[in-house]
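The primary structure of each chain is shown beneath.
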Amino acid sequence: PDFVPLTRGLAVPQGISKASFLSAVHHLKALLGTENVELNDTEIKNGWYMEHPNTHDMMPLLHTEEFLASAVVYPGSVQDVQLTVKWANKHLIPLHPISIGRNLGYGGAAPRVRGSVTLDLGRRMNKILDINAEDYTCLVEPGVTFYALYEELQRRGLGDKMWIDTPDLGGGSVIGNTLDRGVGYTPYGDHWAMHSGLEVVLPGPEANLVRTGMGGLDGGNTWQVFPYGFGPSSDGIFSQSNFGIVTKMGMALMPNPGGYESFMYTFPRESDLAPLIDIIRPLRISNILENVAQLRHGLQTLSVKGHPRTKFYKGSGPVPENVWRKELQDTATGECAWVYYGMSYGPAHIRKYKLDVIHSEFLRIPGAKKIDPSTLPADEYFWSRDRIASGTPDFEELLWVNWMPNGAHIAFSPVSPIRGPDATKLYELAKKRHDEAGIDLMPAFCVGLREMHLIVEIVFDSEDEGMRARAEKCLRDMIDDAAALGYGEYRTHLALMDQVAGTYNWNDGALMKMNNTLKDALDPNGILAPGRCGIWPARYRNRGWEL
Ligand code: FAD
């Protein structure tokens, strides 16, 4: 990591003097141990994926010190979390919980409110509390990463019996990713759907501890097997929110399906998108296509080779189509506009049935080609997809971030039905805004089950202020354009949360009014992650914090 001196000094939270803040931090050190509270008062420690900073976003869209923590706390137990919540209520200091803090593309470890105290749960609360080989479930603490869970299954000799589901990068937290409703690429890829029961510290002055679902029983063995329990299903209010601090979570593990086989198809023209999406829809809904279907643009396939864009094109503005097409000619996919990555699960005879249907359907697109995996070298990106779709964590996906110097990225991710006309509308609006901003368009359509997320990753130079501003404008324009057509985002970056929340405005913003009511009831002093997902506590609301 390199160190950059702070230009704006210690980020004291708004509404408290520096002296009172320092005295409160002193008090917290007495409660939790001096070594478990760090003041962030001299420099910004930058890093990379493996040694990521926990005080700010290592891929900042705005100036780094805009969303910066004043201090970091490392609780070692649920009681420590409760003590910290009581402390925050007493001093009216905002807390920002992270599990690992690798939420890259969505704000990393940064708090929305400058000067918040980061509650880094993962550093010390990182135990796998249970792996149940009969029920195929686990119970984890916030610091358990996808890698750690995977390695523990191998260590216990269970790796052949059960799989985890991992996002494209395996260094994130199972809890953090699931709470942000992240996705992976086996049939268990919808992480929120696969969780079962939470333990949560509530943000009010009493710091009450609750368990949801079957965890609400006093004992028993059903917490991890049935997510709903009795009465209102309250889990949802703790995901993409600021209503509680999750300290434990149950999660399903996937039985080894008894075989698997990755496949890759290429399609020659950009205009193949709409008919192809219409072919994918019935196959995905009926589970012939069994995992998140990924249809990636040719330029993204080129960028994941890990080279800077200047290797291919030195001009300004988006890389021209003839350039990326020519470069693809010498790669495993050959020249193409779209690449489909998928996996079929089960024993060979089961796979054969599904793969034959897929083959005949995909070949309805003129010029479609199946690439034979046996022709691919071991370092081809296809094998990274193969590992991820079979539950083995990986890092290769990070390579496309090298497209720009000081590579950072931010995503535009609207949801639509799996329909050709929707895909075309979203693709065209993204293309128009990228061309205006002079930014390369690298879309991937990720098909969940009945919906798809278009994931457009804007890769930008985080040291180039002008480019950061163009990336932000491009994002904001796309969000507005999509909303005007009736599409909303599934997840977004900290800096864009107010805007995205504002698009969910049916019936005079009734949904946000309900969220505000919940926020004020659960967090009357407004100490927990103010502004996250556009939800502001009363103390901040309509006082100029919204971006
Ligand atoms: P954290 O940063 O710990 O948590 C995420 C957020 O949840 C926090 O900011 C916080 O607001 C909240 N939170 C966390 N823990 C708690 C808690 N205990 N209580 C209350 N609130 C909490 N993501 C995907 O989902 N799928 C992908 O395939 C994927 N691919 C990526 C590829 C690349 C190249 C990059 C750079 C990123 C990718 N991401 C992807 C985004 C991101 O890296 C992952 O989602 C990652 O798992 C999130 O970070 P984390 O797990 O460390 O969560």
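This structure is a prediction, so every number in the text was calculated from the model and none was measured.

Considerations on the overall build of the chain
So, point 1. When its secondary structure is counted, the chain shows 14 helices and 21 strands.
So, point 2. A compact globule built from 547 residues should have a C-alpha radius of gyration of about 24 Å, and the chain, at 23 Å, falls within 12% of that.
So, point 3. Expressed as lengths along the three principal axes of its C-alpha atoms, the size of the chain is roughly 70 × 55 × 50 Å.
So, point 4. Considering the chain as a whole, with its 547 residues, one finds that 59% of them fall into the buried category.
So, point 5. A separation threshold of at least 6 residues defines the contact pool for the chain, and within that pool the share at least 24 residues apart is 75%.
So, point 6. Element-wise, carbon and sulfur atoms account for 53% of the exposed surface of the chain, whose accessible area totals about 21,400 Å².
So, point 7. Taken together, the 53 basic and 65 acidic charged side chains of the chain have centroids lying 2 Å from each other.

Here we look at helix H11 (residues 420-437)
Quick reminder: α-helices carry 3.6 residues per turn. Residues three or four places apart thus point the same way.
So, point 1. For H11, built from 18 residues, the straight-helix expectation of 26 Å at 1.5 Å per residue is met to within 8% by its first-to-last C-alpha distance of 26 Å.
So, point 2. Inspection of H11 places Gly420, Asp422, Ala423, Leu426, Tyr427, Leu429, Ala430, Arg433, His434 and Ala437 among the buried residues, and these make up the whole buried set.

Overview of the sheet that holds strand S11 (residues 209-211)
So, point 1. Judged by pairing direction, the sheet is antiparallel, and its five strands sit side by side in the order S7-S8-S12-S10-S11 without closing on themselves. A strand with exactly one partner marks an edge of an open sheet, and here the two such strands are strand S7 (128-132) and S11. Along the sheet, successive strands turn relative to each other by an average axial angle of 10°, direction set aside.
So, point 2. For S7 and strand S8 (residues 137-140), the ladder comprises four bridges, and the chain directions are antiparallel. Each bridged residue has a counterpart across the sheet, and for Ile131 the counterpart in S8 is Cys138.

Focus on the side chain of Glu472
So, point 1. Along the chain, the position of Glu472 falls in helix H12 (residues 465-484).
So, point 2. By relative accessible area, which is 19% here, Glu472 ends up buried.
So, point 3. Setting aside residues up to four positions removed in sequence, Glu472 forms contacts with Leu61 and Leu62.

Overview of the pattern of salt bridges
So, point 1. Counted by the stated rule, this structure contains 36 salt bridges.
So, point 2. One salt bridge connects Asp394 with Arg387, and the closest N-O pair in it is separated by 2.9 Å.
So, point 3. Classification of Arg387 as partly exposed rests on a relative accessible area of 26%.
So, point 4. What you see here is one network of salt bridges that share partners, running through Lys432, Arg433, Glu436, Lys473, Asp477 and Asp481.

Some points on the environment of Asp190
So, point 1. Assignment of secondary structure puts Asp190 in the loop between helix H4 (174-179) and helix H5 (191-194).
So, point 2. For the pair Asp190 and Gly420, spaced 230 residues apart in sequence, the C-alpha to C-alpha distance is 23 Å.

A few points about the nonpolar core
It is characteristic of soluble globular proteins that their nonpolar side chains tend to be buried jointly.
So, point 1. Grouped together as the largest cluster of nonpolar side chains are 85 residues, with contacts concentrated most on Phe267, Ile280, Tyr340, Phe362 and Phe445.
So, point 2. If you tally residues by element for this core, the top one is H12, at seven residues.
So, point 3. Composition of this core by domain shows at least three residues from each of domain 1 (3-120) and domain 3 (260-493).
So, point 4. In this structure, Phe267 is in contact with Asp272, Leu276, Leu295, Cys336, Ala337, Trp338, Tyr340, Phe362, Ile365 and Ala368, ignoring residues within four places of it in sequence.

Here's the deal with the site of the ligand
So, point 1. Close contacts around the ligand come from 29 residues, with Ser99, Ile100, Arg102, Ser173 and Arg491 the closest.
So, point 2. Here Arg102 contributes a backbone N or O atom positioned 2.8 Å from an oxygen atom of the ligand.
So, point 3. Within the side chain of Tyr185, one N or O atom sits 2.8 Å away from an oxygen atom of the ligand.
So, point 4. Its free accessible area being 960 Å², the ligand has 96% of it covered by the protein chains.

Observations regarding the sheet that holds strand S4 (residues 71-73)
So, point 1. Ordered by their spatial adjacency, four strands build an open sheet running S2-S4-S6-S5, and the pairing between neighbours is mixed. Both outer strands of the open sheet, strand S2 (37-39) and strand S5 (95-98), are each paired with one neighbouring strand and no more. Looking at each pair of strands side by side, their axes are set apart by 20° on average, direction ignored.
So, point 2. Two strands pair when backbone bridges link them, and S2 and S4 are joined in this way by three bridges, in the antiparallel orientation.

Some points on a nonpolar patch on the surface
So, point 1. Judged by side-chain polarity, Trp48, Met50 and Phe395 come together as a nonpolar surface patch covering roughly 300 Å² of accessible area.
So, point 2. Residue position: Trp48 is located in the loop between strand S3 (43-45) and S4.
So, point 3. Trp48 sits in the partly exposed class, given a relative accessible area of 48%.

Side note on the packing of aromatic side chains
So, point 1. This model, assessed by the stated rule, comprises 18 aromatic pairs.
So, point 2. Centroid distance Trp163 to Tyr260: 5.5 Å. Interplanar angle 85°. Geometry classified as edge-to-face. Taken as a pair, Trp163 in strand S9 (residues 162-163) and Tyr260 in strand S14 (residues 260-267) lie far apart in primary sequence, 97 residues in all.
So, point 3. Of the residues examined, Trp163 reaches a relative accessible area of 7% and is grouped as buried.
So, point 4. Looking at Tyr260, the relative accessible area reads 37%, which means it is partly exposed.
So, point 5. Taken together, the ring pairs in this structure connect Phe263, Tyr265, Phe267, Tyr340 and Phe362 into an aromatic cluster.
So, point 6. The ring of Tyr49 carries Arg102 above its face, with NZ or CZ at 4.7 Å from the centroid.

Focus on the packing of helix H6 (residues 273-285) against H11
So, point 1. With their axes 7 Å apart at the nearest point, H6 and H11 run at an angle of 135° to one another. Accordingly, the angle class assigned to the pair H6 and H11 is oblique. Classified by chirality, the crossing of H11 by H6 is right-handed. Counted together, Leu273, Ala274, Ile277 and Asp278 of H6 and Gly420, Pro421, Ala423, Thr424 and Tyr427 of H11 form the full contact between these two elements.

What counts, and where the lines are drawn
- Per chain, the residues get numbers from 1 upward, laid out in the order the sequence is written.
- Where totals are concerned, whole chains, interfaces and linings use all residues; where local detail is concerned, this predicted model gives features only for residues with pLDDT of at least 70, and gives and counts side-chain atom pairs only at 80 or more.
- Values reported for side chains reflect all heavy atoms of the structure, with hydrogen atoms and water molecules removed beforehand.
- Put simply, DSSP H or I for four residues or longer makes a helix, DSSP E for two residues or longer makes a strand, and each gets a number counted from the N terminus.
- This radius of gyration counts C-alpha atoms alone. The globule rule is 2.2 Å times how many residues there are, raised to the power 0.38.
- Exposure is judged per residue with a 1.4 Å probe applied to protein chains only, and the accessible area is read against the type maximum: over 50% gives exposed, under 20% gives buried, and values in between give partly exposed.
- The contact definition used throughout considers only heavy atoms, calling two residues in contact when any of these lie within 4.5 Å.
- Each accessible area value is a Shrake-Rupley result obtained with a 1.4 Å probe; residue values ignore everything except the protein chains displayed when judging cover.
- Working convention for charge: Lys and Arg count positive, Asp and Glu count negative, and His plus the chain ends are omitted.
- Where a charge sits is defined by one atom per residue type, namely NZ (Lys), CZ (Arg), CG (Asp) or CD (Glu).
- Multiply 1.5 Å by the residue count of a helix minus one, and that product is the helix's expected span.
- A pair of strands is labelled paired if DSSP reports no fewer than 2 bridges between them.
- An axis is simply a line fitted to the C-alpha atoms; with a helix, the fit covers only the stretch in contact. Between two such axes, the angle follows the N-to-C directions and lies from 0 to 180 degrees.
- Whenever Lys or Arg places a side-chain nitrogen within 4 Å of a carboxyl oxygen from Asp or Glu, that contact is recorded as a salt bridge.
- Here the nonpolar core consists of buried residues drawn from Ala, Val, Leu, Ile, Met, Phe, Trp, Tyr and Cys, with membership extended through side-chain atoms lying within 4.5 Å.
- Domain ranges listed in this record stem from an automatic or a database domain assignment.
- Whether a residue is near a molecule or strand depends on its heavy atoms: it is near if one of them lies within 4 Å of it.
- Whenever a nitrogen or oxygen atom comes within 3.5 Å of another N or O atom, the pair is scored as a polar contact, on the condition that within protein one atom can donate a hydrogen and the other can accept it, and that pairs from neighbouring residues in sequence are kept only if both atoms are in side chains.
- Patch definition: residues above 30% relative accessible area lacking any salt bridge, with like charges linked at up to 9 Å and the nonpolar side chains Val, Leu, Ile, Met, Phe, Trp and Tyr linked at up to 5 Å.
- Within 6.5 Å between ring centres, the rings of Phe, Tyr and Trp (the latter by its six-membered ring) count as paired, and their orientation is classed by plane angle as stacked under 30 degrees, edge-to-face over 60, tilted in between.
- Our definition puts a charge over a ring when NZ of Lys or CZ of Arg is within 6 Å of the ring centre and also within 35 degrees of the ring normal.
- Should an angle fall under 35 degrees it is called roughly parallel, over 145 degrees roughly antiparallel, and 65 to 115 degrees roughly perpendicular, with every other angle called oblique.
- Note on convention: near helix rotated counterclockwise from far helix by under a right angle means a left-handed crossing. Clockwise means right-handed.

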